[in-house]
Each structure stands twice: as C-alpha cells, then as structure tokens.
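What follows is the residue order along each chain.
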Amino acid sequence: MVQAQATQQPLYEGAEWTFKKLDLVFDAIEEIAKKELGLDVYPNQIEVITAEQMLDAYSGIGMPLMYNHWSFGKSFVRDEFYYRKGMRGLAYEIVINSSPCISYVMEENSMTMQALVIAHAAFGHNHFFKNNHLFRQWTDAEAILDYMHFARKYIGKCEERYGVEAVEELLDAAHALRENAVDRYSRPAKLSHEMERQRMEARQEHERTSYRDIWRTLPERSKDEDEKAKSERQKQIIKKLGLPEANLLYFLEKHSPALQEWQREILRIVRNIAQYFYPQKQTKVMNEGCACFCHYFIMNRLFDKGLITEGSMLEFIDYHTRVVAQPDFDDPRWNGINPYALGFAMMQDIYRICHSPTEEDRAWFPDIAGCGEGIAVLKDAWANFRDESFILQFLSPKLIRDFRLFQIHDNSALPHLKVEAIHNEQGYRKIRSALAKSYTVSAMDLDIQVADVEFDGDRALTLRHMVHNDVPIEGKEAEEVMKRVAQLWGYDVGLYCEDAVNGKILATYDVTLS
Amino acid sequence: MMHFIDRRLNPKGKSLPNRQRFIRRARTQIRKAVKDAINDGKVADVGHKGRISIPTKGLNEPRFRYDYSKGKHDRILPGNKEFSTGDQIKRPPKGGEGEGGKKASEEGDGEDSFQFSLSREEFLEVFFEDLELPDLIKTSLKEEVDFEKQRAGYVRSGSPSNMDLKRTMRHSLARRISMKRPGNEELDELRAEILALEAKGRKTQKLKTMQEKLERLEKRRRFIPYIDPLDVRYKSFIKIPKPNTHAVMFCLMDVSGSMSEGMKDLAKRFFMLLHLFLSTQYERVELVFIRHTHLAKEVDEETFFYSRETGGTIVSSALEEMKTILEDRYPQGEWNIYAAQASDGDNFASDREKCLELMNEAILPFCQYFAYIEVMDEQELEIFKDEQNMTDLWRIYAQLTETFENFAMRRVVKPNDIFPVFKDLFAKEQAKKA
C-alpha cells in the first residue's frame, strides 16, 4: 500500500460511535471505495441493531423477513444458549443481497468496528452481489424483499385457513428437500399459448389426413404388443415430464398428484428461497475474500490519509487477523478451511502477482503477472468466477506453500490414509485441482434425480442417486427424507443408489403407503 | 443518499412465534422426560437438576447428505509439518479431525448428539400448562408480603462486610497508575543503586541526586496512598417486596399391612407430582412426611416410602400428628400449607368422629389445599365401583367435600391414572366449567 503523509484530522477518536461519526466515516469510505477501487454497488441501507435482534436475524437464516417455522425457533434457542453461555460470539454484521443492500451492524461494535463493517459489508459484499455472474443470473436483488414479504404473508394466511399443523407438516417436508430444490441450469422458455395452439392444430391435421378406416379391421393386439405400447407410452410420459429432473421440489410442485394449489405455492416459496441462496453457497470463498480485500484496502487508505488514529488502526488489525486466521489441521480450533482466510489470501496474492511478480508467478500466470492492474484483474475475477473456477485459475504455488497445503486420499476400504501431494513442484497442480473440486456443487450436494414415474400402474415415483467415488448416502436420514417425499407425492416412492461407474445398485430406500 | 437506520427500538422478540412453535413441537419429548424423571427420582429431586435434555427425535431436520465415513475422497488440509508425498498415515480416531461430523452438529442437523436443554421454568411450564392453583389460594398468596434482598450494582458507601475487593482494587490500580505512584520495584532498584554507590564510599554528586530522588519518591508514595477511600466500592443491595413464597407440604400415608408396595408406589408418584407443582409456584417448599398405622410418626423420606410397619389403622393419629406439627412449626399466617393423604381407605370404625372433628376444626380451615387419594388394586376397584360400597375413610371424607372447597378426593388404580387425576384436581377453572 502506498504510504501517504497524514494530511487530515482523524474523523473520530475513541471507541464510542455516534450517528454523526458514522455518517462521516461512511462518506470517507465511500470515496475510497468508489474513486480508488471503483466499486459498483447497490444503494446502501445500514441498520443498527441490538445483540438480541442479531440473534433474531440469525434464526431467520439472515433474512429480515421470514415466514414462521419451528426450525427457526430451534436455531434461535440454540444460538441464544451458546451466546448466553459465552461459548460463541455473534457476527459483527449481516448483509443481505438486496437492492437497496441492507447491512445490519451491532450496537455493541466500537467505532472502528463499525468502520470495518461498513467497508466489509456495505461495499465489499455489496459489490460482489451486484457484479458476480451467479448472483446476476439467479437472484433478483430488487425483488427479494417484496418476495419475502409476500411469502411471509401467504404462509401466514395458509396457517389461518388450513391450520398451523397442516402448514408445518408441509414445510417440514419441503425443508427436507431444500438442498435438492435448485435449478442448476435455466429451463427452456415456455411455449407461448399461440405456439401451443398451432402445434395442437398441426397434430390434429396430421391425424385427420392420415386416417385410414381400414385399420379398424386389424386383429386385436397381442399381449406383447400391449406391453410394448405401454412402455412406449411410459417413455412419452417421461419425456413430457422432462425426466430426469434434479430439482426434486420443482418436480413435486408441478406434477405431484396429491397436492392442492396452496401447497404447490408453498413449495414454490421454499424452492425460490433455496434458489436465492444457491449462489452464496458456491461463492463463499470469493465473496468473503472480496469483502476482506475491500475492508483491508479501505482501512489502510483511511489510515494513510490520516482519517483514523493509530489506535483505531491497531484495533482494526487485531480484528482483521482474527477473522482471517487459518488454524492448522491438527489445531484444536481446526474447523475446515476458513473461507475468509483463503479468500483474503488469494485476493492479496493476485494483487501481488499483478504488481510485483516473481519468476514463478510469470510462469504460472503469464496473463496477469506484472500487468500493474491489480484492482481491475480482481474485479474481473469477482464478476466472472465462482469458488471452484476461481481456485482452479488463481491459486498460486506461493499460497500453497504459505498455507502448507497437502492432499490426503481417504479410501475407507484401506486401513491408512495416503498423502497424495504436498507443497512441492509435483504437488501444486494436484492440490490446486483437488481443492477446487472440493468447492464444486457436486461435492456439496448429492446427485439425486427423479428417474421414473409409473403413471399406468400404482403411480410410484422413483428417484435415483448416482454414487460417485463410492461415497454413499447417509442411510438413516435418507429414510426420513423419503417419508417426506412420499408425503408430498401421495403414492409410493423409492430411491435407488446406483454406482455411476458400473451401474450396480448399491442400496434402495422405499416407502410404501398402505 | 445514504441513511443509517436505528432499529434498536423496534419491538423485541421477533422470533418469539418461532420459539413457541419449537416448544410446542418439543412438548411430547418434554412430557416424556418428566415422566421418566418421576419414575426414578426422589420426591424433591424431580425437576431440580436445572436442565433436562431432550432427545432430538422429531426435532431433527433430515436431508440427503453424504456419509463421509465410507468411500473414497480427497481432502486438502493446511499446515503440513512432516508429511511428504506417498506417506501412509494412521486413520485418526473418529470425530478427531473429521470436518463432516463437526459441521453437521453445529448446524444441528441430524446429529443424535445434539441435545437441546430447556430451562427448568420452561420445562415445568410446559408440563403444568393446563394447571393452576385454585383461585382462593392465589389471593392469600398475595397477602403475605416479604422482603428479599437483591443485588443492585455498586455504591461508594456501605458496610465493610459488603466491600467488593475486586472493584476496589481495580480502581486503586487505575488511580495508582494514572497518578504515577512509584512502585516497589522502582524504589528497590534505586535503593540498591544507592547502596552500591555508598559501598564504594565516595560522596559524589550522583549519589546525592539519587538520594534526593529517593526521598522525593518516598514522599510521593506517602502522598498517594495504596488504597484511597475514593477507590472503595461496596456491593449494593436493595430490598424488594415479594409475596410469601414459603410452602409446606404434608405427605400423609397409611403404611399398615393392607397397603401393598404397588399402592405405596402410586402414592409416591402422586406426592412427587404435587411437590413438583408446588415448587413451580413457591420458591421454597418444605416437606413433612407422616406415616401411620394405629400410631403416627414423622419420618424422613426414605423410611416413609420403604420401611414396613404392622399394626391396625387409625387415621386420626396422623391427623393429630399433623395438627401438632402445624402448631409447633408452621404458624398459619406465615406458611402456605398443603397436604396430600394417601390410603387404601381402611380405618377403624370407632375413629370416624375423631377424624371428622380434626379435619373440620384443626386442619382444613388452615390448609390451602388438602387432597385425599385412595389407592387400590383392580379387584378392589370392582368392589367399590358401586356408589353404595365405599371404604370407611371415603365415606367420612365425602361429607367434607361439601363444606370445604379446598378439599378434594380421588381414586387411583394404575400409575397411568396419576397424572390425569392430578390434572383433574388442579385443572384451570375455566376448563372445568366448560
């Protein structure tokens, strides 16, 4: 960072914050964010809340408006329990991907914390929400708050009309499938009514012109042919239903014979909210990395300009180092790779590669090494990548060394774990692609699809789980989930797990309704 | 244009509906936890352990997920120290570094180990949700005003016994630092130097200035005391009025030969429930156990339930004993008095008048509530099903129900009856009328 002479009076001193100070700091941060970083953000709306309200916000999965469900109460009670016992702190902020972008900051934060949080959430996350392609494709920031408002009201009304229990039962079932309720690809556009009509007319015309009375005199079909016709019909149904279908909740909403209209609408609500969070799941590292890079850059610039005191700067560094700390795998605090740590380190590293590359960097990143446009490269990455592709593209050998990353191969059939790669010349690429792979959608969600529906017979619904790398589905829970699927489908349902390589059926979970 | 919004004054408890839904959902498990506790606890123990954990059954949110204990997968970990490519590592014990398990339990999904605890208050509230003390008792609850001391921060004056050492020392330390009171180390150092110089025997200018400095510092130390009256803080207590919260519960039981173990067990369960219920209403509930054959005696809990005695049955002896204890130890104005009597209904015919008299004059007028439960086995129930056939005691007590609203009697045959009977006795007034 460029060292500049302190030319101005600090904007604030001491730990206490006031709304006036917040305004001043916000303006100073905005200037740096927009002029120096060139961030492109939704309008900001920052709300100050108490710790209690923060707990409230937690329980509604971070949304300011959420319909009522006991599971949110459960997480509230648990979070409160841990918080009161002092076992866990609260987040300093929550930020919502909406326009205007709402950030909640806690009243207990010190002034420096508030500045950090504004830089982090109101500019870092905000920019990411507005520019990343996944968010642009899958979420509608303008509409989400209105939609949540609608959802809460609609579900409230359903509770009044059909009873709290009926709605709860439905939501329980829908929540069980929440993670299998996202579209990974956009659906083909629907045919317009006009086109539908034309197609139907064409079909009728074809039937009319190809009508031959003599076919009436053909002998009855044999049983075999009957079967064949049946399987033909079945094939057509499957095609018409668009199977296989990975969005289970979508399929149930559209085609379940057992649901009423209001129930379909509630499934749609759960599905839409799951879809809204889908991009966040895939961009955790990048999103936090972007926000951390922004707050680090902005706070440093504030200090360079003399707008914050040395004391505040030290306080900031203390918080910052704690947030981006990465405990080792053998550390008692180890809880997976910290997305803040990895994200921040990668962003800083990209900036370094752009501005002061080593020979190794030039060999690995010929496109960007030494280009001198660090911010532009970062902004391009923030817009066009997700965690998987970002790591695959940008994780440098230097970072692999810094984190001392190593790859473990775990085959449950063998008694030992094997060290597959470490931070050396032979290992870099292996580690990079393995790490990227662990952030793919398939590593997080199971590959489960609606495979077949028996429409002629008992209306049984069949799901298929493709088993990759012999990692099976958790059986007990699968049984529970299948009961809920049966509840939504109204007829028998079954799930079979098929090995993706050799096609062997490894397990089945059937629910027969009597 | 940017605006900050102050949401701190928004109404609290936004997630209250969710919390209530959760508790409603957990109700079945909570009930079961209490039932288990009653089956194997002591009378005073039940519900006293602070928190009762309930299993997650029915509270978990299942989803399709991987079973990472099986199959092949690659994992990237940070912080390599000694491994090189191709090393074989012993599989760490389960739960050690496994991310999957740890994460899942934090999310509370599906893990059997996740147990949620309700506080005792919430727990009892759920358990006794439809029950309340009858109206007449509530009024007398409020009459008795008692004072309770409660902590209320810190003050600058108070009695020495209330001094808060930690606070005082903290203030003293802050003052000493800010006033730059010379510390022991600083003085010791200086003295050592002076001694060293003196040992050399020369009276230099340096020695002199040092001695002056020492003097100055010592003077300063005297001026700035180690603990100043300014530093001292006392714990503050305020008195707040509160309704009388003492209650005594008398457990009366017939232990003559005709009471089988099964019957005693029934009685025990009933006593437990009553005690639990009373302790939700009162801060302190004392227990008095009186058992009787033809003689009555106050005993401890252990003897009360588990030792056997032989003899005839004279109920009035127990009532007499209760009367004496009442007069001796529980002045009627200061205590809320509850009694529960369990018996198989046998009594000497000649004892009738005495029982009635004692109940009428000495016991019922002073009790908040007196519950009589008659325990019997199934065969007996057959005999006494008929209204005409009553046990001696039932016949006597039946006369009391008309005069005293605070007296109630029920029959109990099976353990399953206990809770319904109890609920019936304390059911909310409105519910009863409806």
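- If you look chain B up in an unreviewed UniProt entry, it shows as UPF0229 protein O4H49_08345 from Kiloniella laminariae.
- Chain B has a UniProt comment under Sequence similarities (unreviewed entry) that states "Belongs to the UPF0229 family."

- As named in an unreviewed UniProt entry, chain A is SpoVR family protein, taken from Kiloniella laminariae.

## Structural notes on the overall build of chain A
Line of reasoning, step 1. A tally of regular secondary structure across chain A gives 21 helices and nine strands.
Line of reasoning, step 2. Residues classed as buried in chain A amount to 52% of the 514 residues present.
Line of reasoning, step 3. Partitioning the intrachain contacts of chain A with sequence separation of at least 6 by distance along the chain shows that 72% fall at a separation of at least 24.
Line of reasoning, step 4. Total accessible area on chain A stands at roughly 24,900 Å², and carbon and sulfur atoms take up 51% of it.

## Focus: a nonpolar patch on the surface
Line of reasoning, step 1. On the surface, a cluster of nonpolar side chains totalling about 390 Å² of accessible area is made up of A:Ile214, A:Trp215 and A:Leu218.
Line of reasoning, step 2. Within the fold, A:Ile214 resides in the loop between helix H8 (193-209) and helix H9 (223-240).

## Re the side chain of A:Thr112
Residue and element names in this part refer to chain A.
Line of reasoning, step 1. Within the secondary structure, threonine 112 is located in helix H4 (residues 111-131).
Line of reasoning, step 2. Exposure remark for threonine 112: the relative accessible area of 2% places this residue in the buried category.
Line of reasoning, step 3. At 3.1 Å, the side chain of threonine 112 forms a polar contact with the side chain of tyrosine 12.
Line of reasoning, step 4. Look past the residues within four positions of threonine 112 in its chain and what remains in contact with it is Tyr12, Met299, Ser312, Glu315 and Phe316.

## Regarding the side chain of A:Glu498
Line of reasoning, step 1. For A:Glu498, the position within the fold is in strand E8 (residues 493-499).
Line of reasoning, step 2. Not counting residues within four places of it along the chain, the set of residues in contact with A:Glu498 comprises A:Arg464, A:His465, A:Met466, A:Val467, A:Gly503, A:Lys504 and A:Ile505.

## Details of the interface of chain B and chain A
Line of reasoning, step 1. Each side of the interface is counted separately: chain B has 65 residues, and chain A has 97 residues.
Line of reasoning, step 2. Of the roughly 7,800 Å² buried where chain B meets chain A, counting both sides, 54% is carbon and sulfur surface.
Line of reasoning, step 3. On the chain B side of the interface with chain A, the three residues burying the most area are B:Phe4, B:Phe64 and B:Ile76, jointly 12% of the side's total.
Line of reasoning, step 4. Linking chain B with chain A are 38 residue pairs in polar contact (both at pLDDT 80 or more), by the criterion used here.
Line of reasoning, step 5. Only strand E1 (3-6), helix H1 (16-40), strand E3 (72-77), strand E4 (88-90) and helix H2 (99-107) of chain B provide two or more residues apiece to the side of chain B that touches chain A.
Line of reasoning, step 6. Of the residues forming the side of chain B that touches chain A, the biggest block, seven residues, is contributed by H1(B).
Line of reasoning, step 7. Its residues assigned to classes, the side of chain B that touches chain A shows 18 nonpolar, 18 polar and 29 charged.
Line of reasoning, step 8. In this structure, strand E5 (residues 416-421) of chain A lies alongside E4(B), joined through three bridges in antiparallel fashion.

## Looking at the state of the cysteines
Residue and element names in this part refer to chain A.
Line of reasoning, step 1. In total, this model carries zero disulfides over all chains according to the counting rule given.
Line of reasoning, step 2. Cysteine cysteine 371 remains unbridged, with the sulfur of cysteine 354 as its closest cysteine sulfur at 3.8 Å.
Line of reasoning, step 3. Exposure remark for cysteine 371: the relative accessible area of 32% places this residue in the partly exposed category.

## Considerations on the pattern of salt bridges
Residues and elements named next belong to chain A.
Line of reasoning, step 1. On inspection of all chains with the given rule, the structure shows 41 salt bridges over all chains.
Line of reasoning, step 2. One salt bridge connects arginine 386 with glutamate 388, and the closest N-O pair in it is separated by 3.4 Å.
Line of reasoning, step 3. Overall, the relative accessible area of 27% leaves arginine 386 in the partly exposed class.
Line of reasoning, step 4. Here the residues in one salt-bridge network are Glu253, Lys254, Glu265, Arg268 and Arg271, joined through shared partners.

## With respect to the environment of A:Phe344
Residue and element names in this part refer to chain A.
Line of reasoning, step 1. When you line up the elements, phenylalanine 344 lands in helix H14 (residues 339-355).
Line of reasoning, step 2. Given the relative accessible area of 10%, phenylalanine 344 is considered buried.
Line of reasoning, step 3. Taking C-alpha positions, phenylalanine 344 is 7.0 Å from cysteine 290, a pair spaced 54 residues apart along the chain.
Line of reasoning, step 4. Each residue touching phenylalanine 344, except ones within four places of it in the same chain, is listed here: Gly289, Cys292, Phe293, Tyr296, His320, Val324 and Pro339.

## A few points about the environment of A:Phe128
All names here are of chain A.
Line of reasoning, step 1. Along the chain, the position of phenylalanine 128 falls in helix H4.
Line of reasoning, step 2. Taking the C-alpha atoms as reference points, phenylalanine 128 and valine 41, 87 residues apart in sequence, are found 8.2 Å from one another.
Line of reasoning, step 3. Not counting the four nearest positions on each side in its chain, phenylalanine 128 is found in contact with Phe135, Thr283, Met286, Asn287, Cys290 and Trp382.

## A closer look at unusual backbone geometry
Line of reasoning, step 1. The omega torsion across A:Ser99 and A:Pro100 is 0°, close enough to zero to call that bond cis.
Line of reasoning, step 2. With a phi close to 55°, A:Asn469 is a non-glycine residue in the positive phi region.
Line of reasoning, step 3. You can see A:Asn469 is positioned in the loop between strand E7 (461-467) and helix H21 (475-489).
Line of reasoning, step 4. Phi at B:Lys180 takes a positive value of approximately 55°, unusual for a residue other than glycine.
Line of reasoning, step 5. Of the residues examined, B:Lys180 reaches a relative accessible area of 65% and is grouped as exposed.

## Examining empty space enclosed by the protein
All names here are of chain A.
Line of reasoning, step 1. Applying the stated criterion to the full structure yields three cavities of 30 Å³ or more.
Line of reasoning, step 2. Estimated volume of the largest cavity: approximately 60 Å³.
Line of reasoning, step 3. Among the elements that take part in the lining of the largest cavity, helix H7 (residues 164-176) stands out by supplying three residues, more than any other.
Line of reasoning, step 4. Tallied by class, residues from the lining of the largest cavity come to three nonpolar, three polar and four charged.

## Considering the sheet that holds E5(A)
Line of reasoning, step 1. Taking strand neighbours across the sheet as the criterion, the four strands line up as E3(B)-E4(A)-E5(A)-E4(B) in an open arrangement whose pairing is antiparallel. Where the open sheet ends on each side, the last strands, each with one partner, are E3 and E4 of chain B. Direction aside, the axes of adjacent strands within the sheet are offset by 35° on average.
Line of reasoning, step 2. Packing of helix H19 (residues 428-437) of chain A onto the sheet brings it into contact with strand E4 (406-411) and E5 of chain A together with E3 of chain B, and relative to E4(A) it is tilted by some 65°.

## Side note on the packing of aromatic side chains
Line of reasoning, step 1. The full count for this structure, using the stated rule, is 29 aromatic pairs over all chains.
Line of reasoning, step 2. Seen from their ring centres, A:Tyr67 and A:Phe72 are 5.8 Å apart, and the 55° between their planes marks the pair as tilted.
Line of reasoning, step 3. The exposure class assigned to A:Phe72 is buried, which follows from its relative accessible area of 4%.
Line of reasoning, step 4. Of the aromatic side chains, those joined through ring pairs into one cluster are B:Phe370, B:Tyr372, B:Trp394, B:Tyr397 and B:Phe407.
Line of reasoning, step 5. The positively charged end of B:Arg411 is found above the aromatic ring belonging to B:Trp394, 4.4 Å away from the centroid.

## A short note on the packing of helix H10 (residues 315-329) of chain B against helix H11 (residues 352-363) of chain B
The axes of two packed helices give the description: the angle between them and the distance between them.
Residues and elements named next belong to chain B.
Line of reasoning, step 1. One can describe the packing of H10 onto H11 by two numbers: an axis separation of 9 Å at closest approach and a directional angle of 20°. As judged from the angle between their axes, H10 and H11 are roughly parallel. As H10 packs across H11, the resulting crossing turns out to be left-handed. Between H10 and H11, the residues in contact are Val315, Ser316, Leu319, Glu320, Met322, Lys323 and Leu326 and Lys354, Cys355, Leu358, Met359, Ala362 and Ile363, respectively.

## Brief notes about the packing of helix H8 (residues 261-281) of chain B against helix H14 (residues 415-426) of chain B
Residues and elements named next belong to chain B.
Line of reasoning, step 1. Direction vectors running N to C along H8 and H14 enclose 40°, while the axes themselves pass 10 Å from each other. The angle between the axes of H8 and H14 places the two elements in the oblique class. In this structure, H8 crosses over H14, and the sense of that crossing is right-handed. The residues of H14 that touch H8, namely those facing Leu266, Arg269, Phe270, Leu273, Leu274 and Phe277, are Pro415, Ile418, Phe419, Phe422, Leu425 and Phe426.
Line of reasoning, step 2. Here the residues of the contact of H8 with H14 sort into 11 nonpolar, no polar and one charged.

## Quick look at helix H10 (residues 248-255) of chain A
Residues and elements named next belong to chain A.
Line of reasoning, step 1. Of all eight residues in H10, six are buried, a share of seventy percent or more.
Line of reasoning, step 2. Turning to H10, its buried residues are Leu248, Leu249, Tyr250, Phe251, Leu252 and Glu253.
Line of reasoning, step 3. Contacts from the buried residues of H10 go to H7, helix H11 (261-282), strand E6 (448-453), E7 and H21.

## Description of the pairing of strand E9 (residues 284-292) of chain B
Residues in a regular strand project their side chains so that they alternate between the two faces of the sheet.
Residues and elements named next belong to chain B.
Line of reasoning, step 1. As paired elements, strand E8 (residues 246-254) and E9 share nine bridges and run parallel to each other. Bridging across to E9, aspartate 254 finds its partner in histidine 292.
Line of reasoning, step 2. In this structure, E9 lies alongside strand E10 (residues 296-299), joined through four bridges in antiparallel fashion. Following the sheet pairing, isoleucine 290 is matched in E10 by glutamate 298.
Line of reasoning, step 3. Two successive antiparallel strands, E9 and E10, enclose a turn made up of three residues.

Criteria and cut-off values
- Residues numbered from 1 in each chain as written.
- Chains lettered and ligands numbered in written order.
- Predicted model: local features only at pLDDT ≥ 70, side-chain atom pairs only at ≥ 80, totals over all residues.
- Heavy atoms only, no water.
- UniProt positions renumbered as here; feature names shortened; annotations may be inferred.
- Helix = DSSP H or I, 4+ residues; strand = E, 2+ residues; numbered from the N terminus.
- Buried < 20%, exposed > 50% of the residue type's maximum accessible area, 1.4 Å probe, protein only.
- Contact = heavy atoms within 4.5 Å.
- Areas by Shrake-Rupley, 256 points an atom, 1.4 Å probe, with all protein chains shown as cover.
- Patch = residues over 30% accessible without salt bridge, like charges linked within 9 Å, V, L, I, M, F, W, Y side chains within 5 Å.
- Salt bridge = Lys/Arg side-chain N within 4 Å of Asp/Glu carboxyl O.
- Polar contact = N/O pair within 3.5 Å; in protein donor to acceptor, adjacent residues only side chain to side chain.
- Buried area = accessible area lost by both parts, 1.4 Å probe.
- Nonpolar A, V, L, I, M, F, W, Y, C, P; charged D, E, K, R; others polar.
- Pairing = 2+ DSSP bridges.
- Disulfide = S-S within 2.5 Å.
- 1 Å grid on protein atoms, 1.4 Å probe; cavity = no way out; pocket = protein on both sides within 12 Å on 5 of 7 lines; lining within 4 Å.
- Points joined across faces, edges and corners; volume = space filled by probe spheres on them.
- Axes fitted to C-alpha atoms, helices over the stretch in contact; angles between N-to-C directions.
- Phe/Tyr/Trp six-rings, centres within 6.5 Å; stacked < 30°, edge-to-face > 60°.
- Lys NZ or Arg CZ within 6 Å of the ring centre and 35° of its normal.
- Parallel < 35°, antiparallel > 145°, perpendicular 65-115°, else oblique.
- Left-handed = near helix turned anticlockwise from the far one by under 90°.

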